[in-house]
Amino acid sequence: MTLHRRDGVGRPYAEVLGCPVAFDAPETAITVADEDLDRRRPLYDPALNALHRSYADRLLHQLSAAVTVAGRVRQWLEHAALEDAGPEGPAKELSLSVRTLRRALHAEGTSWRALLDTARHGRAGRLLETTDLPLDRIAPLVGLSGATALVRAFTRWKGMPPGAYRSRHRPASADRDAAGRG
């Protein structure tokens, strides 16, 4: 029998297994509907059973290996409003205390601040590449106090100010469209 470690919430396991999964329950159980129990079963096939078991073990291993706390925090940050993002949000999502979240991130070689900074960096780059929003409108969307803070942070991230980044990374058709409107 192969045992699989429990990490975090059951939702990713439920997606792989196609049924609800609950951890830390008072008992270990698999619930089967009556109509499934009444269904005629094929004869036992040891080779097919081994194949299914191997496949299930591989899926569960991939699931537990790919799902790190830092990876789940990154996923949470992708959809979070960065202007007021704090570690409380992902901690609640992962059913952890903020302190446990910080310890887990530290054990994985990162921190809340580093992940938040990376999320801000990525979102700022995407907004500069895909919108004509002025810097003072982008700054709060990435959780920074204003255009000056954005310029300082972006220059630290990319080695160039946001305006230079925008002009270098905008498609030529977007520049023509902007010129045609002005």
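Here the structure is shown first, and the text comes after it.
To start, this report covers the structure provided alongside it. Predicted model only: the values in this text are computed from it and were never measured.

Quick word on the packing of helix H7 (residues 112-130) against helix H9 (residues 147-158)
(1) Moving on: Interhelical geometry of H7 versus H9 gives an angle of 100° and a closest axis separation of 11 Å. When the axis of H7 is compared with that of H9, the two are roughly perpendicular. Residue-level contacts link Asp-117, Arg-120, His-121, Ala-124, Gly-125 and Leu-128 of H7 to Leu-150, Phe-154, Arg-156, Trp-157 and Lys-158 of H9.
(2) Moving on: Considered class by class, the residues forming the contact of H7 with H9 number five nonpolar, two polar and four charged.

Notes on H9
Think of an α-helix as 3.6 residues a turn; residues three or four steps apart then line up on the same face.
(1) Moving on: Taking 1.5 Å of rise per residue, the 12 residues of H9 would be expected to cover 16 Å, and the 16 Å separating its terminal C-alpha atoms lies within 8% of that figure.
(2) Moving on: Where H9 ends, the next residue or the one after it, Gly-159, has phi of about 75°, a positive value.

Examining the nonpolar core
(1) Moving on: Formed by 15 residues in total, the largest nonpolar core has its most connected members in Ala-124, Ile-138, Val-142, Leu-144, Leu-150, Phe-154 and Trp-157.
(2) Moving on: Elements with a minimum of two residues in this core: H7, helix H8 (135-141) and H9.
(3) Moving on: At five residues, the largest contribution of residues to this core is made by H9.
(4) Moving on: Apart from residues no more than four positions distant in its own chain, Trp-157 is found in contact with Asp-117, Arg-120, His-121, Ala-124 and Leu-144.

Quick word on the environment of Tyr-165
(1) Moving on: In this structure, Tyr-165 sits in helix H10 (residues 162-169).
(2) Moving on: Residues Tyr-165 and Glu-129 lie 36 residues apart in sequence; the distance between their C-alpha atoms is 8.1 Å.
(3) Moving on: When neighbours within four sequence positions are excluded, Tyr-165 is seen to be in contact with Gly-125, Leu-128, Glu-129, Phe-154, Lys-158 and Met-160.
(4) Moving on: Side chain to side chain, Tyr-165 and Glu-129 meet in a polar contact 2.2 Å long.

Looking at the packing of aromatic side chains
(1) Moving on: As enumerated under the stated definition, the model contains three aromatic pairs in all.
(2) Moving on: Considering the side-chain rings of Trp-76 and Trp-112, the 6.4 Å spacing of their centres and the 55° angle between planes classify their relative orientation as tilted. With Trp-76 in helix H4 (residues 69-79) and Trp-112 in helix H7, the pair connects residues that are 36 residues apart, well separated along the chain.
(3) Moving on: Between Phe-154 and Trp-157, the ring centres sit 6.0 Å apart and the planes meet at 75°, which makes this aromatic pair edge-to-face. Here Trp-157 and Phe-154 lie together in helix H9, a separation of three residues that amounts to about one turn. Like Trp-157, Phe-154 is buried.

Conventions and cut-offs
- Residues numbered from 1 in each chain as written.
- Predicted model: local features only at pLDDT ≥ 70, side-chain atom pairs only at ≥ 80, totals over all residues.
- Heavy atoms only, no water.
- Axes fitted to C-alpha atoms, helices over the stretch in contact; angles between N-to-C directions.
- Helix = DSSP H or I, 4+ residues; strand = E, 2+ residues; numbered from the N terminus.
- Parallel < 35°, antiparallel > 145°, perpendicular 65-115°, else oblique.
- Contact = heavy atoms within 4.5 Å.
- Nonpolar A, V, L, I, M, F, W, Y, C, P; charged D, E, K, R; others polar.
- Expected span 1.5 Å × (residues − 1).
- Core = buried A, V, L, I, M, F, W, Y, C linked by side-chain atoms within 4.5 Å.
- Buried < 20%, exposed > 50% of the residue type's maximum accessible area, 1.4 Å probe, protein only.
- Polar contact = N/O pair within 3.5 Å; in protein donor to acceptor, adjacent residues only side chain to side chain.
- Phe/Tyr/Trp six-rings, centres within 6.5 Å; stacked < 30°, edge-to-face > 60°.

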